[in-house]
2 protein chains.
Amino acid sequence: MNLLLLTDSDFIGEDLVEISGRRHGHIVNILKLPVGGTVKAGLINGKTGIGTIINVDQTQLRIKIDLRDEPIPPLPVTLLLALPRPKMLKRILPICACLGVSKMYLINSYRVEKSYWQSPWLKAKAINGQLQLGLEQAGTTTLPVVELRDRFKPFVEDELESIAANTMRFIAHPKTDTPAPIALNQAATLTVGPEGGFIPYEIGMLIDRGFTPVSLGKRILKVETAVTALLSRLFT
Amino acid sequence: MNLLLLTDSDFIGEDLVEISGRRHGHIVNILKLPVGGTVKAGLINGKTGIGTIINVDQTQLRIKIDLRDEPIPPLPVTLLLALPRPKMLKRILPICACLGVSKMYLINSYRVEKSYWQSPWLKAKAINGQLQLGLEQAGTTTLPVVELRDRFKPFVEDELESIAANTMRFIAHPKTDTPAPIALNQAATLTVGPEGGFIPYEIGMLIDRGFTPVSLGKRILKVETAVTALLSRLFT
């Protein structure tokens, strides 16, 4: 935790928060901050600054908050991600938040198992919890917006054009020789398929809408490794 | 598992292997390959090709092996990695193998907890097991060489110059404004510090030996995210 991430409901006064649970445990047991100690803090989708511990007990912390700095700007990236299996979803959400993805659509694909759509990790509270871990890691506050789309065809036909308007459009696809571009530094919509890849019909629909298949090399990467590698190349 | 990774001891004939345990379970229960089915295969540090299932029983598989292709070449990278906590080490080893790191030194640093050096995950068998998972994911066979160095100063003073000879030298360091280079495509020695970073004395010793601190931006990344992001930028 490189930043104490706050929500409006943590505030018990204009510049005073009360923290319990996991964040309390981290500050008391891992960071071992005493009264008077300071911690980097930030309000979700708001500014960052400093928190000063003013009271510690076994279950609660009171922290005085002074937020003056703008958060690190997010990347101008919308990620379209074929819904991964729950264990991987849990892992990839904080990575996306940490790296600065602005918006994510978890989408369906022929190779997404139907049962994945029933996962409790898709509840808004669970998703936001994982995203917040990523912001705490990165040290910033801008929460990615995550949307679920459990039907591929209507999503692509009815929504994709407006989602991807005025952006560069790429599909991470091992079966192409076009390397992923470097230092694009432009708004982009990135599509990452399921384990085993999109089927040709799906790739075709995306190509028809201006998406270019790009490769990260011959090695087959896990989804979270591919997303990290792509974002690191595109934005510098 | 995108490749059935074989060792010499799997062979019971010139082109015949017998597989049990985890790999048997994966082929039978996940890939559900019948007799006659084929799987991409490769010999550790050797060629890749095709395996054809010739016999399946509840605990063993016999597979005919035909290896003719050169493996994907590894990246010309030596990674010096401050020993992470065991849970993270377990996760980062397959990622490094998957991405094609040639050689890794797990090194000490002031901020590496002494207890980490006692982890059972540092046993050669455990390390190689994790690396092999990464090769199976990537679909290739070149096993990174991993060395342990539990004293920072003698490592840097006595060994580092010859390890890093004729390579570009970088330290991933959040506290610099120099961005990590892009598309270097030259042999490199990369140094990645512990959680909390190297101390200034350590950074100084590395700078004295020609290492340039480079940044991946203001976000604080987990070690495995930083390694993935760095390698993806440096090699295209």
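Sequence order sets the numbering: in each chain, residues are counted from 1 along the sequence as written. Written order determines the labels here, with chains lettered from A and ligands numbered from 1. Only residues with pLDDT of at least 70 get local features here, since the model is predicted, and only at 80 or more are side-chain atom pairs given and counted; chain-wide, interface and lining totals rely on the full set of residues. Only hydrogens and water are removed before side-chain values are computed, so all heavy atoms of the structure are retained for them.

**Student:** What am I meant to see in the sheet that holds strand 7 (residues 77-82) of chain B here?
**Tutor:** The strands that make up a sheet are held in pairs by hydrogen bonds between backbone atoms, and each pair lies either parallel or antiparallel. Residue and element names in this part refer to chain B. Two strands make a pair as long as DSSP finds a minimum of two bridges between them. By definition, any uninterrupted DSSP run of H or I lasting at least four residues is a helix, any uninterrupted run of E lasting at least two residues is a strand, and each is numbered from the N terminus. Here 6 strands make up an open sheet; going across it, the order is 9-8-7-11-10-12 and the pairing parallel. The open sheet has two edge strands with one neighbour each: strand 9 (145-149) and strand 12 (212-214). Direction aside, the axes of adjacent strands within the sheet are offset by 20 degrees on average. Summarising the sheet, strand 7 and strand 8 (residues 103-107) pair through 5 bridges and their orientation is parallel. The axes used here are C-alpha line fits, helices contributing only the stretch in contact, and every angle between their N-to-C directions lies in the interval 0 to 180 degrees.

**Student:** Explain the relation of the copies chain B and chain A to me, please; I cannot follow it from the model alone.
**Tutor:** A rotation about some axis, followed by a shift along it, carries one copy of the chain onto the other. Note on the identical chains: chain B maps onto chain A by a rotation of 180 degrees and an axial translation of 0.0 Å, with an RMSD of 0.0 Å. The relationship between the two copies is best expressed as a two-fold rotation axis. A residue counts toward the fit only if its pLDDT is at least 70 in both copies, and the copies are then superposed by least squares on the C-alpha atoms of those residues.

**Student:** Honestly, the domain arrangement of chain A in this entry has me stumped. Any pointers?
**Tutor:** Where interface size is given, it is often the accessible area lost as the parts come together that is meant. Residue and element names in this part refer to chain A. What marks off one domain from the next here is an automatic or database domain assignment. Parsing chain A into structural domains produces domain 1 (4-69) and domain 2 (77-234). Relative placement of domain 1 and domain 2: their C-alpha centres are 33 Å apart. Simply put, the buried area is the total loss of 1.4 Å probe accessible area from both parts when two parts are fitted together. In total, about 730 Å² of surface goes out of reach between domain 1 and domain 2, with carbon and sulfur atoms giving 55% of it. It is L5, R22 and N45 that lose the most area in domain 1 upon contact with domain 2, and together they represent 61% of the buried surface on that side. The salt bridge criterion pairs a side-chain nitrogen of Lys or Arg with a carboxyl oxygen of Asp or Glu, the two atoms within 4 Å. At the surface where domain 1 touches domain 2, the tally comes to 1 salt bridge.

**Student:** Any chance you could explain the packing of aromatic side chains here in plain terms?
**Tutor:** Think of a pair of aromatic rings as described by two things: how far the centres are apart, and how the planes are tilted against each other in angle. The rule is short: rings of Phe, Tyr and Trp, with Trp giving its six-membered ring, pair when the centres are within 6.5 Å, and they are stacked under 30 degrees, edge-to-face over 60, tilted in between. Taken as a whole, this structure holds 4 aromatic pairs over all chains when the rule is applied. An angle of 50 degrees between the planes, with centres 6.0 Å apart, marks the rings of F152 of chain A and F198 of chain A as tilted. Taken together, the residues F152 of chain A in helix 4 (residues 152-163) and F198 of chain A in the loop between strand 11 (188-192) and helix 5 (200-208) connect sequence positions 46 residues apart. Ring geometry for Y105 of chain B and F155 of chain B: centres 5.4 Å apart, planes at 45 degrees, overall tilted. Highlighted residues: Y105 of chain B in strand 8 and F155 of chain B in helix 4 (residues 152-163), separated in sequence by 50 residues.

**Student:** Would you take a moment to explain the sheet that holds strand 6 (residues 61-69) of chain B for this structure?
**Tutor:** Residues and elements named next belong to chain B. Pairing in this open sheet of 6 strands is mixed, and the strands run 1-4-5-6-3-2 from one edge to the other. The sheet terminates laterally at strand 1 (4-6) and strand 2 (11-13), the two strands that pair on one side only. Pairs of neighbouring strands in the sheet enclose a mean axial angle of 40 degrees, with direction left out of account. Relative to strand 6, strand 3 (residues 16-19) runs antiparallel, the two being bridged by 4 bridges. Bridged to L16 within strand 6 is K64.

**Student:** Would you explain the side chain of R169 of chain A in this entry?
**Tutor:** All names here are of chain A. Relative to the helices and strands, R169 is located in strand 10 (residues 168-172). Think of it in three bands: residues with accessible area under 20% of the maximum for their type are buried, residues over 50% are exposed, and the middle band is partly exposed, with areas taken using a 1.4 Å probe on protein chains only. Residue R169 is classed as buried on the basis of its relative accessible area, which comes to 14%. A polar contact of 3.2 Å, which involves the side chain of R169, links it to the backbone oxygen of A164. Apart from residues lying up to four places away in sequence, R169 is in contact with E161, A164, T189, R209, G210, F211 and T212. Pairs of N or O atoms within 3.5 Å make up the polar contacts considered here, provided that, within protein, one atom can donate a hydrogen while the other can accept it, and that residues adjacent in sequence are counted only when both atoms are side-chain atoms. Working rule for contacts: check all heavy atoms of both residues, and any pair within 4.5 Å makes them a contact.

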